[in-house]
Amino acid sequence: MTEHATVKAALTSQAIETPSWAYGNSGTRFKVFARPGVPRTPQEKLDDAAKVHEFTGAAPAVALHIPWDTVDDYQALAEHARDRGLAIGAINANTFQDDAYRLGSVCHPEAAVRRKALDHLMACVDIMDATGSRDLKLWFADGTNYPGQDDIRERQDRLAEALAAVYERLGDDQRMLVEYKLFEPAFYATDVPDWGTAYAHCLKLGPKARVVVDTGHHAPGTNIEFIVATLLREGRLGGFDFNSRFYADDDLMVGAADPFQLFRIMYEVVRGGGLTADVAFMLDQCHNIEEKIPAIIRSVMNVQEATAKALLVDRAALADAQRTGDVLEANGVLMDAYNTDVRPLLAEVREEQGLDGDPMAAYRRSGWATKTAEERIGGQQAGWGA
Ligand code: PSV
Ligand code: MN
């Protein structure tokens with residue numbers, strides 16, 4: 001294959017998973033803005049996700065959040081997805097929206113609350129069995145707000161115990177993705193604040209436990225691509241929750257705030273051989289003021305553009321410059337790739353799949369927004385936390 005063909009093949013096979021919650025209403029603690037046509041059920045969220053896949057050809061899986069996407073029949077939900085060319089992606093466990101969890105979930109000082117949280121995690125694995133989902137994504141809102149509030153070491157023991165029980169329950173083809181977050185909702189100490197803590201737990205658990213990197217969960221200035229390179233090197237990068245941030249966990253469209261950072265991350269993915277199904281490329285975003293489906297299409301395209309640029313890095317020239325200590329040349333090689341306009345290449349990739357080269361325009365022409373605004377009348381619109 002020519003180099004051009006190899007790049008195109010890699011782009012054609014890249015799958016970006018979209019989150020069910022991004023299709024619903026969301027907001028800040030100040031206001032949730034409702035929008036006409038927003039899905040009212042998990043099935044309608046999948047219908048919207050199918051549109052993103054239809055026009056990008058690159059978003060074949062949808063992550064669920066439980067209990068936000070609770071249904072009576074998960075096999076039927078997976079069927080609904082399959083009928084639309086989709087698969088169910090990661091199951092995100094939610095142990096943060098119950099009064100019982102005020103002092104934590106699996107790290108809570110009381111055994112009864114820990115049991116309740118563990119039961120929920122086990123129920124999420126049942127949902128994986130029913131839907132064919134491979135990944136259980138674990139993010140815990142656990143932590144403490146005040147020094148001395150709880151024993152931070154013991155909380156790690158409680159966490160390890162819960163993780164081990166869930167790990168035991170996983171099937172051979174299922175994985176556990178452990179997510180970390182520096183802060184929020186706990187402010188003094190979160191129980192999984194960084195990749196090191198997540199990695200230490202994963203190492204103890206075994207190969208089915210991997211770390212997931214949410215790009216919004218770091219201190220400003222953190223070199224995320226270094227974390228990515230390290231986790232890939234150790235075989236423990238499970239995937240990404242992509243989004244972008246200016247200040248904290250802003251959950252804005254990936255690649256909007258800092259496309260150069262996204263490129264640097266994707267370069268380390270390509271460099272480390274991570275452009276495979278082993279690494280789940282998920283979005284974890286909320287669209288508060290912008291139209292949701294176009295924002296998700298734009299996000300998928302942003303990931304594709306960063307990936308294309310990363311694939312275009314002249315690795316041989318870079319290695320040469322690095323070997324000879326030519327700092328400026330090495331940096332120049334990387335910047336050449338970053339500064340390439342890859343939009344025509346991606347349009348070509350789409351057209352070769354029988355798609356419109358411009359997914360945003362194709363979506364607008366489809367009339368889906370008008371149709372759903374007219375048809376989705378009554379009922380309760382899905383919203384963050386519902
Ligand atoms: C927490 O901030 C988080 O990143 C976790 O992945 C949650 O599941 C998700 O956001 C909820 O939007
Ligand atoms: Mn996340």
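Residues numbered from 1 in each chain as written. Chains lettered and ligands numbered in written order. Predicted model: local features only at pLDDT ≥ 70, side-chain atom pairs only at ≥ 80, totals over all residues. Heavy atoms only, no water.

The name an unreviewed UniProt entry assigns to the protein chain is Sugar isomerase, from the organism Streptomyces filamentosus NRRL 15998.

A. Geometry of the site of ligand 1. Looking at ligand 1, the residues that line it are Trp-21, His-65, Asn-92, Trp-139, Glu-179, Lys-181, Asp-214, His-217, Asp-241, Asp-249, Asp-284 and Trp-384. Lys-181 is positioned such that a nitrogen or oxygen atom in its side chain is 2.9 Å from an oxygen atom of ligand 1. A distance of 2.8 Å separates an oxygen atom of ligand 1 from a polar atom in the side chain of Asp-284. Burial of ligand 1 by the protein amounts to 96% of the accessible area it has alone, namely 310 Å². In this structure, ligand 1 is accommodated by the largest pocket. The residue inventory of the shell around ligand 1, partitioned by class, reads three nonpolar, three polar and six charged. (Near = heavy atom within 4 Å. Polar contact = N/O pair within 3.5 Å; in protein donor to acceptor, adjacent residues only side chain to side chain. Areas by Shrake-Rupley, 256 points an atom, 1.4 Å probe, with all protein chains shown as cover. 1 Å grid on protein atoms, 1.4 Å probe; cavity = no way out; pocket = protein on both sides within 12 Å on 5 of 7 lines; lining within 4 Å. Sits in = over half its atoms within 2 Å of the grid points. Nonpolar A, V, L, I, M, F, W, Y, C, P; charged D, E, K, R; others polar.)

B. Region of interest: the nonpolar core. Grouped together as the largest cluster of nonpolar side chains are 102 residues, with contacts concentrated most on Met-176, Phe-240 and Phe-242. No other element matches the 10 residues that helix H9 (residues 292-311) contributes to this core. Residues within four places of Phe-240 in sequence aside, it is in contact with Val-212, Val-213, Val-228, Ile-265, Val-269, Val-279, Ala-280, Phe-281 and Met-282. Counting residues in each nonpolar core, the second largest holds nine residues, with Trp-21, Trp-68, Ala-90 and Val-212 among its members. (Core = buried A, V, L, I, M, F, W, Y, C linked by side-chain atoms within 4.5 Å. Buried < 20%, exposed > 50% of the residue type's maximum accessible area, 1.4 Å probe, protein only. Helix = DSSP H or I, 4+ residues; strand = E, 2+ residues; numbered from the N terminus. Contact = heavy atoms within 4.5 Å.)

C. Structural detail: the coordination of the manganese ion (ligand 2). The manganese ion (ligand 2) binds to the protein through Glu-179 (OE), Asp-214 (OD), Asp-241 (OD) and Asp-284 (OD), with metal-donor distances spanning 2.1 to 2.2 Å. Metal-centred angles of 72 to 165° between the six donor atoms at the manganese ion (ligand 2) mark the site as octahedral. Positions of the donor residues of the manganese ion (ligand 2) along the chain correspond to the pattern E-x34-D-x26-D-x42-D. You can see Asp-241 sitting in strand S9 (residues 237-242) and its partner Asp-284 sitting in the loop between strand S10 (280-283) and H9, a full 43 residues away along the chain. In this structure, Asp-241 and Asp-284 share a single accessibility class: buried. (Donors = N, O, S within 2.8 Å, 3.2 Å for Na, K, Ca; no water. Tetrahedral: all angles 85-135°; square planar, octahedral: opposite > 155°, others 65-115°.)

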